[in-house]
Amino acid sequence: MIRWNKAAFLALRILIGGLFLYSGILKIASPQPFADSVASFEIVPLGVIGLVALGLPPLEVLLGAMLVSGWRVRAASFGVFLLSVVFCLALSQALARGLQVDCGCFGTAQPSTWNTWLSLGRDILLIATSGWLYASPSDQAADRLRSGNR
Amino acid sequence: MANPFKLIKRDFLFFVVIAIVALLIGLLTNLLREKPVAIAYVSKEARLDRAVQEISQGSKPTPGPALPDVVTLAPFSDFVKHRRGIVLDARYRIEHQLAHVPGALSLPREDFAEAYAALKGQLDRSQPIVVYCDGNDCEDSKLVQKALRDLGYSQVAVFQGGWSEWTAAGMPKEANR
């Protein structure tokens, strides 16, 4: 059972890390379309949309790299969890207000309600998996070991 | 057993530090970009208007006779088949390179100024032009139509169904080699 847990932990951390790396690199490559996506949510003040569009992609890359490399997995899982909650709230308010948004998660896509529901579903899965990674005892043990070494 | 609130607080602080580092990386890389992103958001429409103003530099060309605002699949297909005018693809350049309507030229909304400068020689104000983008919900074709009209090309229509309707109808495609 413990071996299965460890295998699932490793697979999920690499999968989510890879997803965040890929998503972040795509946005770094074309920040203006991502800024357009952020603006379509109509929740970020216009004066700081550029900061979100420039800061979020490297944050995704850093968190993704941490998960893939296995460095500070707990903290990275916490970051992914927080970001996924924020994305979920942003998508939910867009759906509630009937906004046609392009989530901009993986490059640009045609804004549609169906795509927004899909993105919301993906984010709920991310919340669940990153929450599990964060709470996973195998990584807590690794972190305790690291803290002890410091 | 460590206090979970202390652990969460520690992880949150670490997240804040990582977020600040990420923001600094983002700001620094933005400085190195050929076209940096503005911190205060400038809408697609405003960016295109700015590009049009730069291109026209205040001059107002005389417009020709107008085409209908929007064309549907059948007339657009006929327009393409018989090469009745110019077809412009307002999607991103990479999308155009992957596949486009046969004979369509790339005039992406995002890089309008540069793409227009490169295409200008092939565009004729007296020739009908049809612009398309992804599909019914995309606004890029309408924005490019407005920009071209502002530049004096009044025979500009939009193919409303866009690339999604074109491909769904099994129409021919072309890719850049």
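Residues numbered from 1 in each chain as written. Chains lettered and ligands numbered in written order. Predicted model: local features only at pLDDT ≥ 70, side-chain atom pairs only at ≥ 80, totals over all residues.

Asks: Please set out the overall build of chain B residue by residue, giving values where relevant.
Replies: Tallying secondary structure elements over chain B gives seven helices and five strands in all. Taken over C-alpha atoms, the radius of gyration comes to 22 Å for chain B, far larger than the 16 Å a tight globule of 177 residues would show. C-alpha atoms of chain B, sized along the principal axes, occupy 75 × 45 × 30 Å. The buried share of chain B, reckoned over its 177 residues, is 33%. Across chain B, the fraction of contacts at a sequence separation of at least 24, relative to all contacts at a separation of at least 6, is 69%. (Helix = DSSP H or I, 4+ residues; strand = E, 2+ residues; numbered from the N terminus. Rg over C-alpha atoms; globule rule 2.2 N^0.38 Å. Buried ≥ 20, exposed ≤ 12 C-beta atoms within 10 Å, placed from the backbone. Contact = placed C-beta atoms within 7 Å.)

Asks: I'd love a proper account of the interface of chain A and chain B, names of residues and values included.
Replies: With 27 residues of chain A at the contact, the number on the chain B side is 23 residues. Contributing elements (two or more residues each) for the side of chain A that touches chain B: helix 2 (31-40), helix 3 (49-69) and helix 4 (73-97) of chain A. Here the side of chain A that touches chain B gets ten residues from one element, more than from any other, and that element is helix 3 of chain A.

Asks: Can you explain unusual backbone geometry? Please cite residues and give values.
Replies: Outside of glycine, negative phi angles account for most residues, and trans bonds account for most peptide bonds. With a phi angle near 55°, R72 of chain A is a residue other than glycine that sits in the positive phi range. Note on placement: R72 of chain A falls in the loop between helix 3 and helix 4. The backbone phi angle of R83 of chain B is positive, close to 45°, even though this residue is not glycine. For R83 of chain B, a count of 10 C-beta atoms within 10 Å translates into the label exposed.

Asks: Which residues make up the packing of helix 3 of chain A against helix 4 of chain A, and what values do they have?
Replies: Residues and elements named next belong to chain A. The interhelical angle for the contact between helix 3 and helix 4, taken along N-to-C directions, is 140°, at an axis separation of 9 Å. The orientation of helix 3 with respect to helix 4, classified from their angle, is oblique. The hand of the helix 3/helix 4 crossing is left-handed. In this structure, helix 3 contributes L63, M66 and L67 to the contact, and helix 4 contributes V73, A76, G79 and V80. Considering only residue class, the contact of helix 3 with helix 4 consists of six nonpolar, one polar and no charged. (Axes fitted to C-alpha atoms, helices over the stretch in contact; angles between N-to-C directions. Parallel < 35°, antiparallel > 145°, perpendicular 65-115°, else oblique. Left-handed = near helix turned anticlockwise from the far one by under 90°. Nonpolar A, V, L, I, M, F, W, Y, C, P; charged D, E, K, R; others polar.)

Asks: Just give me the short version of the pairing of strand 2 (residues 86-89) of chain B, but keep the residues and values in it.
Replies: Residue and element names in this part refer to chain B. The alternating pattern of strand 2 places I86 and L88 on one face and V87 and D89 on the opposite face, and all of these are buried. Here strand 2 pairs with strand 3 (residues 105-106) via two bridges, running parallel. Along strand 3, the bridge assignment pairs L88 with L105. Between the parallel elements strand 2 and strand 3, the chain passes through helix 4 (residues 93-98) in a crossover that is right-handed. (Pairing = 2+ DSSP bridges. Right-handed = clockwise from strand over helix to strand, strands pointing away.)

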